[in-house]
Amino acid sequence: MAQTITVRIPGTTANCGPGFDTIGIACTIYNELSLTLGEPDGFSLAVTGEGADTIPANERNIACQAVRALLRKVGRTGPGIAIRMHNAIPLARGLGSSAAAIVGALVAANAATGDTLDKQELLAMATALEGHPDNVAPAIFGGITISSIVGGAPQSLRFIPPAPLRLVVAVPEFGLSTKAARQVLPKTIPFADAVFNVSRVALLVGALCQGRFDLLGSAFEDRLHQPYREKLIPGMTDVLAAARERGAIGAALSGAGPCLIAFARDNAAAIGAAMVNAFARHGVKAAYRDLGIDSDGAKVIAIP
Ligand code: HSE
């Protein structure tokens, strides 16, 4: 009888302000993906939860593509594929829903074929499918990841900050595709802006590693992508300011947006409510989520 593998995958927030395409954090919001490899040529895909009405249930689905890529890589030809996804991560909001689908599918397919690939190999495959490593890396490794492409291959360093950090995410009602949010970025930026971002991202990583949250005040500032994306997200500046005024350590666009994320030691409820109210002043309905850092990354939770 065909075996079903179920994987739990965290959502992720990328960039964290200045760390464009580099920094990512795994968050305590999870999708589940179940994979059954069966008779040749069979295919089915069922989605419940977020995206149940909008995710294409055909073989162009990114999870299906990821399963097929892994089967090719390990030399397993032709088994039928049955995927079930139960999604809590909102789609097209900047919380890593496509990364979760890719990573969940790769981890499940790897487990179903004897776990022959290690996490580094899964990272390379996931990055190729996603186009950038900053969401897939924390989805695989958990924690906070710093990723770079070296000689064409992704490398990631993972760490957990020594003090707890809340991630307060304001989720607006509208979606925004990463493609559209990348199209507004300039081809070049002023040298001074590059220096600004280098200083902020270095401070961000150092302060997070050492738990020096007192130094994080300016560390989420960015001149590489947020100023260009602001026009896509009504109220962005005010929502970020509202979070800081309510005591957040810092605030930023989550990934390519449109979610906005505040980093805080405490007062998550007050910060979240202030962000939602600020969005409302700009005519945008939103809800907030109070999340923590997931330390595990994607993991197999059931092999019935
Ligand atoms: N680093 C990517 C971007 C994240 O900002 O376009 C997309 O989720």
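Computed from a predicted structure; not experimentally measured.

A.B. asks: Mind laying out the overall build of the protein chain, listing which residues take part and the relevant values?
C.D. replies: Broken down by element type, the protein chain carries nine helices and eleven strands. Against the compact-globule benchmark of 19 Å for 304 residues, the protein chain has a radius of gyration of 19 Å, which places it among compact chains. Its C-alpha atoms put the protein chain at 60 × 40 × 35 Å along the principal axes. By residue count, 52% of the 304 residues in the protein chain fall in the buried class. In the protein chain, the share of contacts with a sequence separation of at least 24, taken over all contacts with a separation of at least 6, comes to 73%. Entry remark: accessible area of the protein chain is about 12,900 Å², with carbon and sulfur atoms responsible for 53%. With 26 positive and 24 negative side-chain charges, the protein chain shows a spacing of 2 Å between the two charge centroids.

A.B. asks: Could you give an account of the domain arrangement of the protein chain, with specific residues and numbers?
C.D. replies: Examined at the domain level, the protein chain breaks down into domain 1 (3-160 + 293-302) and domain 2 (166-291). Taken over C-alpha atoms, the centre of domain 1 sits 24 Å from the centre of domain 2. The interface is formed by 24 residues belonging to domain 1 together with 38 residues belonging to domain 2. For domain 1, the biggest contributors to the area lost against domain 2 are Pro18, Phe20 and Arg93; these three give 30% of the whole. Between domain 1 and domain 2 we count one salt bridge in total. A salt bridge links Arg182 to Asp21; the nearest nitrogen and oxygen atoms lie 2.7 Å apart. In this structure, the connection of domain 1 to domain 2 is made through 13 residue pairs in polar contact (both at pLDDT 80 or more). Sorting the residues of the side of domain 1 that touches domain 2 by element identifies strand 1 (4-14), strand 2 (23-38) and strand 5 (144-150) as the ones contributing at least two each.

A.B. asks: Tell me about the site of the ligand, and please be specific about residues and values.
C.D. replies: For the ligand, the full set of nearby residues is Asn15, Phe20, Asp21, His132, Asp134, Asn135, Thr178, Arg182, Arg229, Gly255 and Ala256. Within the contact set of the ligand, an oxygen atom lies 2.8 Å away from a side-chain nitrogen or oxygen of Asn15. In this structure, an oxygen atom belonging to the ligand sits 2.8 Å away from a side-chain N or O atom of Arg229. Relative to its unbound accessible area of 260 Å², the ligand is 96% covered by the protein chains. Of the residues contributing to the shell around the ligand, the split by class is two nonpolar, five polar and four charged.

A.B. asks: Please set out the side chain of Ser34 residue by residue, giving values where relevant.
C.D. replies: Residue placement: Ser34 occurs in strand 2. Judged by its relative accessible area of 8%, Ser34 is buried. Of note is the side chain of Ser34, whose polar atom sits 2.8 Å from the side chain of Thr6. Setting aside residues no more than four positions away along its own chain, Ser34 makes contact with Thr4, Ile5, Thr6, Ala82, Ile83 and Arg84.

A.B. asks: Just give me the short version of the pairing of strand 9 (residues 260-264), but keep the residues and values in it.
C.D. replies: The element strand 9 is extensively covered by neighbouring structure, given that five of its five residues are classed as buried. Going residue by residue along strand 9, you find Leu260, Ala262 and Ala264 tucked away on one face and Ile261 and Phe263 tucked away on the opposite face as well. Summarising the sheet, strand 7 (residues 166-172) and strand 9 pair through five bridges and their orientation is antiparallel. Bridge pairing in strand 9 places Val168 opposite Ala262. Where strand 8 (residues 250-253) folds back onto strand 9 in an antiparallel hairpin, the turn is made up of six residues, including Gly255, whose phi is positive at roughly 60°.

A.B. asks: Describe the nonpolar core, and please don't skip the residues or the numbers.
C.D. replies: Among the nonpolar cores identified, the biggest contains 68 residues, and Leu33, Leu35, Val67, Ile83, Val103, Leu216 and Phe263 are the most heavily contacted of them. Among the elements that make up this core, the one with the highest residue count is helix 2 (residues 97-112) (eleven residues). Counting residues domain by domain, this core receives three or more from each of domain 1 (3-160 + 293-302) and domain 2 (166-291). Excluding its chain neighbours within four sequence positions, the residues that come into contact with Leu35 are Gln3, Thr4, Ile5, Val67, Ile81, Ala82, Ile83, Ala108 and Ala109. Counting residues in hydrophobic clusters, the runner-up holds 24 residues, among them Ala243, Leu260, Ala268 and Met275.

A.B. asks: Which residues make up the packing of helix 1 (residues 62-73) against helix 2, and what values do they have?
C.D. replies: Across the interface, helix 1 lies against helix 2 with an axial gap of 8 Å and an inter-helix angle of 35°. The two elements helix 1 and helix 2 meet at a crossing, and its hand is right-handed. Residue-level inspection shows Ile62, Ala63, Ala66, Val67 and Leu70 of helix 1 in contact with helix 2, the latter providing Ala101, Ile102, Ala105, Leu106, Ala109 and Asn110.

Each value, and the rule that gives it
Residues numbered from 1 in each chain as written. Predicted model: local features only at pLDDT ≥ 70, side-chain atom pairs only at ≥ 80, totals over all residues. Heavy atoms only, no water. Helix = DSSP H or I, 4+ residues; strand = E, 2+ residues; numbered from the N terminus. Rg over C-alpha atoms; globule rule 2.2 N^0.38 Å. Buried < 20%, exposed > 50% of the residue type's maximum accessible area, 1.4 Å probe, protein only. Contact = heavy atoms within 4.5 Å. Areas by Shrake-Rupley, 256 points an atom, 1.4 Å probe, with all protein chains shown as cover. Lys, Arg positive; Asp, Glu negative; His and termini not counted. Charge placed at Lys NZ, Arg CZ, Asp CG, Glu CD. Domains from an automatic or database assignment. Buried area = accessible area lost by both parts, 1.4 Å probe. Salt bridge = Lys/Arg side-chain N within 4 Å of Asp/Glu carboxyl O. Polar contact = N/O pair within 3.5 Å; in protein donor to acceptor, adjacent residues only side chain to side chain. Near = heavy atom within 4 Å. Nonpolar A, V, L, I, M, F, W, Y, C, P; charged D, E, K, R; others polar. Pairing = 2+ DSSP bridges. Core = buried A, V, L, I, M, F, W, Y, C linked by side-chain atoms within 4.5 Å. Axes fitted to C-alpha atoms, helices over the stretch in contact; angles between N-to-C directions. Left-handed = near helix turned anticlockwise from the far one by under 90°.

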